[in-house]
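# Report on the structure
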Amino acid sequence: MSPISRRRALGIMGATAASSLFGLPAIGQARTRINVGALRFTSHAASFVAFERGYFEEAGFDVDFRFFQAAQPMAVAIASGDADYAVTAISGGLISLAEKGAVKVIGGALSEEPGIYGQQILASNAAFEDGLDSPAMLDGRSFGMTQAGSSFHYMGSKIAAAEGVSVSFKPLQKTGAIIGAIKSGQIDAWSIVPHIAKPLADAGAVNIIGSVADYLPDYQVTTVFTSASGASEETERNIAFLSALSRGAADFNAALVDKTAGENARDDMVRLIHKYVYTDREYDKAAPSIINGAMRINEGAAMNLASIRDQIDWFKAEGLVKDSVTVDTVVDTSYVPIIGK
């Protein structure tokens, strides 16, 4: 199938009415079992919705989720064959694996959008009391991240550069460890999705001092990726997967972002997501955090290529990936609509 027909096929299916032109098993034929990498974040809800509402099954898949606590291990899992698809932020590890011909980005997912409450910049209470009440006051402060080359590293660096200040990054490996560090004052600042940021602030554990969207207004926060061989050889499987995922995203956006589906749909969506996110909390306590975390998931898995290019350029400028890496090294643009060229 040619690149043009790939994209046309996905467009025909559409985000809200993806038919089973590809991937639907014939009567009596076994579905394809796939492993999907995810984080237990509201931002990964499209995968959860597609699974719970049978969209993956209709597309011909039996899905097993593999849960991670950071982006880079997910890229390694794709490269090693432990996961078939994953949805997470672009990281230095992902780009390096793409340069080695192991992984490929084939779609877009979470994105910052003007008017949608997105990722927030946080200050620890101790740092806030010491004057860190805006991103302009970050000079000389510590900023939390999972690993060097993570999305937190990228966001913190871009925010600091825009404000003309210098920060020191502290790698803490896991999101939970960063939360503990900022609550205890071991780090001064961090940036994170709203379903984590707002509850922490509402509980008085941290202070919100800015929004990531003010610095990266069209940031392609997460992407959909698979193995490089899968991107080139599993065309119909990829179209079927992206179509099912897009149906999940459309339901999520209608219920929690655009709020066009009504209160019952909102409540149903929150209960669905609660099976995967904040599972250690009672529903009534988890629901506000899930609702607060509703950021846009791109329609039709569209990719913002300008944002992805900016991320790659930053990784190269920081010496975290090879200078020879290009957008084409990382991204297969043939599957989904491209925005922000």
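Preceding this section is the structure that the text describes.
How each quantity is defined
- Residues numbered from 1 in each chain as written.
- Predicted model: local features only at pLDDT ≥ 70, side-chain atom pairs only at ≥ 80, totals over all residues.
- Heavy atoms only, no water.
- Helix = DSSP H or I, 4+ residues; strand = E, 2+ residues; numbered from the N terminus.
- Rg over C-alpha atoms; globule rule 2.2 N^0.38 Å.
- Buried < 20%, exposed > 50% of the residue type's maximum accessible area, 1.4 Å probe, protein only.
- Contact = heavy atoms within 4.5 Å.
- Pairing = 2+ DSSP bridges.
- Axes fitted to C-alpha atoms, helices over the stretch in contact; angles between N-to-C directions.
- Core = buried A, V, L, I, M, F, W, Y, C linked by side-chain atoms within 4.5 Å.
- Polar contact = N/O pair within 3.5 Å; in protein donor to acceptor, adjacent residues only side chain to side chain.
- Phe/Tyr/Trp six-rings, centres within 6.5 Å; stacked < 30°, edge-to-face > 60°.

A count of helices and strands for the protein chain gives 15 helices and twelve strands. On C-alpha atoms alone, the protein chain measures out to a radius of gyration of 19 Å, which is about the 20 Å that the 2.2 N^0.38 rule sets for 341 residues. Considered along the principal axes of its C-alpha atoms, the protein chain spans approximately 65 × 50 × 30 Å. Burial status across the protein chain gives 57% buried among its 341 residues.

So, about the environment of A148. Within the element layout of this structure, A148 appears in the loop between β6 (141–145) and α7 (151–163). By relative accessible area, which is 45% here, A148 ends up partly exposed. It is 8.3 Å that separates the C-alpha atoms of A148 and L320, two residues lying 172 residues apart in sequence. Once you skip the residues sitting within four places of it in the chain, A148 turns out to touch Q72 and H153.

We now examine unusual backbone geometry. Its identity is not glycine, yet Q173 carries a phi of approximately 75 degrees, on the positive side. Relative to the helices and strands, Q173 resides in the loop between β7 (167–171) and α8 (175–184). At K259, a position not held by glycine, the phi torsion is positive, near 60 degrees. As for its placement among the helices and strands, K259 is situated in the loop between α11 (235–257) and α12 (263–274).

The strand order across the open sheet built from five strands is β2-β1-β3-β10-β4, with neighbouring strands paired in mixed fashion. Of all the strands in the sheet, just β2 (61–67) and β4 (103–108) have a single pairing partner and so form its edges. On average, each strand axis in the sheet is tilted by 25 degrees relative to the strand beside it, whichever way the strands run. Where strand β1 (residues 32–38) meets strand β3 (residues 85–88), two bridges bridge the pair, whose relative direction is parallel. Residue V36 lies in a different strand from β3, and its bridge partner there is Y85. Strands β1, β3, β4 and β10 (223–227) of the sheet are contacted by helix α4 (residues 71–80), whose axis makes an angle of about 165 degrees with β3.

Listing the buried residues of α4 in full gives A71, Q72, M74, A75, A77 and I78. With its phi angle positive at about 90 degrees, G81 sits one or two positions after the end of α4.

The next thing to look at is the nonpolar core. With 113 residues, the main nonpolar core has I192, F241, F252, I273 and V330 as its most contacted residues. Residue contributions to this core peak at eleven residues, all from α11. Excluding its chain neighbours within four sequence positions, the residues that come into contact with I192 are F41, Q119, Q120, L122, F152 and A197.

What follows concerns the side chain of R296. The residue R296 is located in the loop between α13 (283–292) and β11 (303–304) in this model. A polar atom in the side chain of R296 sits 2.9 Å from the side chain of E113. Apart from the residues lying within four places of it in its own chain, the contact partners of R296 are A109, L110, S111, E113, I116, N253, V257 and D258.

On the secondary structure map, D332 appears in the loop between α15 (327–330) and β12 (338–339). Look at D332 and you get buried, because its relative accessible area is 14%.

Our next topic: the environment of M145. Along the chain, M145 falls in strand β6. M145 sits in the buried class, given a relative accessible area of 4%. Separated by eleven residues in sequence, M145 and G156 place their C-alpha atoms 8.6 Å apart. Apart from the residues lying within four places of it in its own chain, the contact partners of M145 are S150, F152, H153, F169, K170, P171, L172, Q173 and I178.

Once that is clear, we can look at the environment of K275. Along the polypeptide, K275 turns up in the loop between α12 and α13. Along the backbone, K275 and E52 are 223 residues apart, and their C-alpha atoms lie at a distance of 9.7 Å. With near-sequence residues (within four places) excluded, K275 lies in contact with R40 and E52.

Pairs of aromatic rings are described using the distance from one ring centre to the other and the angle between the two planes. Scanning the entire structure with this criterion turns up 15 aromatic pairs. Taking the centre distance of 5.5 Å and the plane angle of 75 degrees together, the rings of F48 and F65 count as edge-to-face. With a gap of 17 residues between them, F48 in helix α2 (residues 45–52) and F65 in strand β2 connect regions that are remote in the sequence. In this structure, F48 and F65 share a single accessibility class: buried. Both rings, one in Y85 and one in F241, keep their centres 3.9 Å apart while their planes meet at 5 degrees; by these two values the pair is stacked. Placement of Y85 in strand β3 and of F241 in helix α11 is noted, with a sequence separation of 156 residues between them. Like Y85, the residue F241 is buried in the burial classification.

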